[in-house]
Amino acid sequence: MISAPKTVLCIHDLPCFGRAALSVITPVLAALGVQPVALPTAILSTHTGGLGTPARMSNPGYGPAALAHYQRLGLRFDCIYSGYLADANQAKLVEQAMESWPGALAVVDPVLGDHGRMYAGLSEDMIPAMRSLCAKAGLILPNTTEAALLLGEAPAETVTLESACRQAAQLTRLCPQVVVTGVPAGRSIACVGAGRDGSSFVVRTPLIPRMYHGTGDIFGAVVCGRLMQGNVPEAAVQAAAAFVADCIRATPEGADERLGVWLESALPMLAGR
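The model shown is predicted, which means the values in this text are computed figures rather than measured ones.

Draft legend 1. Looking closely at the sheet that holds strand S2 (residues 35–44). The strand order across the open sheet built from 9 strands is S3-S2-S1-S4-S5-S8-S9-S10-S11, with neighbouring strands paired in mixed fashion. Strands at the two margins of the open sheet, each flanked by one partner only, are strand S3 (56–57) and strand S11 (200–206). Bridge count between S2 and S3: 2 bridges; the pairing is antiparallel. The residue bridging Ile-43 from the neighbouring strand is Met-57, located in S3. Running at roughly 170° to strand S9 (residues 177–185), helix H6 (residues 161–171) makes contact with S9, strand S10 (188–195) and S11 of the sheet.

Draft legend 2. Geometry of the pattern of salt bridges. In total, this model carries 6 salt bridges according to the counting rule given. When the shortest N-O distance is used, the salt bridge between Arg-76 and Asp-78 registers 2.5 Å. A relative accessible area of 58% means that Arg-76 is categorised as exposed. Judged by relative accessible area, which is 10%, Asp-78 ranks as buried. Note that Glu-95 and Lys-136 form a salt bridge whose closest N and O atoms lie 3.8 Å from each other. With Glu-95 in helix H3 (residues 90–100) and Lys-136 in the loop between helix H4 (126–134) and strand S8 (139–140), this pair connects stretches of sequence that are 41 residues apart. Residue Lys-136 is classed as partly exposed on the basis of its relative accessible area of 42%.

Draft legend 3. Structural detail: unusual backbone geometry. The residue Ala-21 is not glycine, and still its phi comes out positive at about 50°. By the element assignment, Ala-21 lies in the loop between strand S1 (7–15) and helix H1 (22–31). Positive phi values are uncommon outside glycine, yet His-115 reaches one of about 55°. Topologically, His-115 is positioned in the loop between strand S6 (113–114) and strand S7 (117–118).

Draft legend 4. Representation of helix H8 (residues 233–249) within the structure. Between the first and last C-alpha of H8 there are 24 Å, a value that for 17 residues agrees with the 24 Å anticipated at 1.5 Å per step. Contacts made by the buried residues of H8 are with H1, S9, S10, S11, helix H7 (215–228) and helix H9 (263–271).

Draft legend 5. Fine view of the packing of aromatic side chains. Summed over the entire model, instances satisfying the criterion amount to 2 aromatic pairs. Here Tyr-70 and Phe-77 contribute two aromatic rings whose centre-to-centre distance is 5.9 Å and whose plane-to-plane angle is 75°, an arrangement assigned as edge-to-face. By the burial criterion, Tyr-70 is buried, and Phe-77 matches it. Put simply, the rings of Tyr-70, Phe-77 and Trp-101 touch in pairs and so form one group of aromatic residues.

Draft legend 6. Focus on the pairing of strand S5 (residues 105–108). Relative to S5, strand S4 (residues 79–82) runs parallel, the two sharing 4 bridges. Within S5, the residue paired with Cys-79 across the bridge is Leu-105. Once you follow S4 into H3 and on to S5, the crossover reads as right-handed. Where S5 meets S8, 2 bridges bridge the pair, whose relative direction is parallel. Counted as the bridge partner of Val-107 is Leu-139 from S8.

Draft legend 7. The environment of Ile-218, seen in detail. Note that Ile-218 resides in helix H7. Classification of Ile-218 as buried rests on a relative accessible area of 1%. Between the alpha carbons of Ile-218 and Ala-255 there is a distance of 18 Å; along the sequence they are 37 residues apart. Ile-218 has contacts with Val-24, Val-28, Phe-243, Val-244, Cys-247, Val-261 and Leu-263, leaving out every residue within four places of it along the chain.

Analysis parameters
- Residues numbered from 1 in each chain as written.
- Predicted model: local features only at pLDDT ≥ 70, side-chain atom pairs only at ≥ 80, totals over all residues.
- Heavy atoms only, no water.
- Pairing = 2+ DSSP bridges.
- Helix = DSSP H or I, 4+ residues; strand = E, 2+ residues; numbered from the N terminus.
- Contact = heavy atoms within 4.5 Å.
- Axes fitted to C-alpha atoms, helices over the stretch in contact; angles between N-to-C directions.
- Salt bridge = Lys/Arg side-chain N within 4 Å of Asp/Glu carboxyl O.
- Buried < 20%, exposed > 50% of the residue type's maximum accessible area, 1.4 Å probe, protein only.
- Expected span 1.5 Å × (residues − 1).
- Phe/Tyr/Trp six-rings, centres within 6.5 Å; stacked < 30°, edge-to-face > 60°.
- Right-handed = clockwise from strand over helix to strand, strands pointing away.

Here's what the structure looks like:
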């Protein structure tokens, strides 16, 4: 008998042009045999990275109404995966989802900043709101800047592998499982994992010196999908890091980095694994 696919509630923004957030998360999860349910925190004409000021549509009442509808339908979510939040109040929406489906694995990508600074358009009250949300999660996926902000530290523009390991270990006081992403490690890029149970790991992939918007969303989606398939966190992170590298290699050099990786070319590789 074929079992029903696992279902992931994805609480992220939806950029209609530019490969990021829900535009890449939903196809990645589907390719892994996992059913994505999209709950947009905002609908944007493009993502916010270098494409001008996007047209924005948001309805504060939509999210709670959608969750109430899903409860009336008796839907079951195996995972709740959140990312970009338009404002601090939307953290309460994610918390509401966690409380409504307490058996779901809660994965939080605490989108706050990168390269040593907060993202433009986010206010300082996002930091305590995201910290509170991370404390209710089972797994968080901060980059090194976000890890520093969650720890109440001034983020550094560059970090070492040793300092990222320290960040991950300290953040287990906040959340049981932590993966710090995007850590430079010589000719590699590393992800550092730490668990409240004392477990730790480092996953390295060869450094490809190109930067694209949306790769963190692809990474998080693969992690969630592989966890839903029964992988342990280290194996899920290894698969996610390898697929992001595949996506970058599938994107021709010189392609507009603002538009993200050519996911369309790489997705068959993920589905075939």
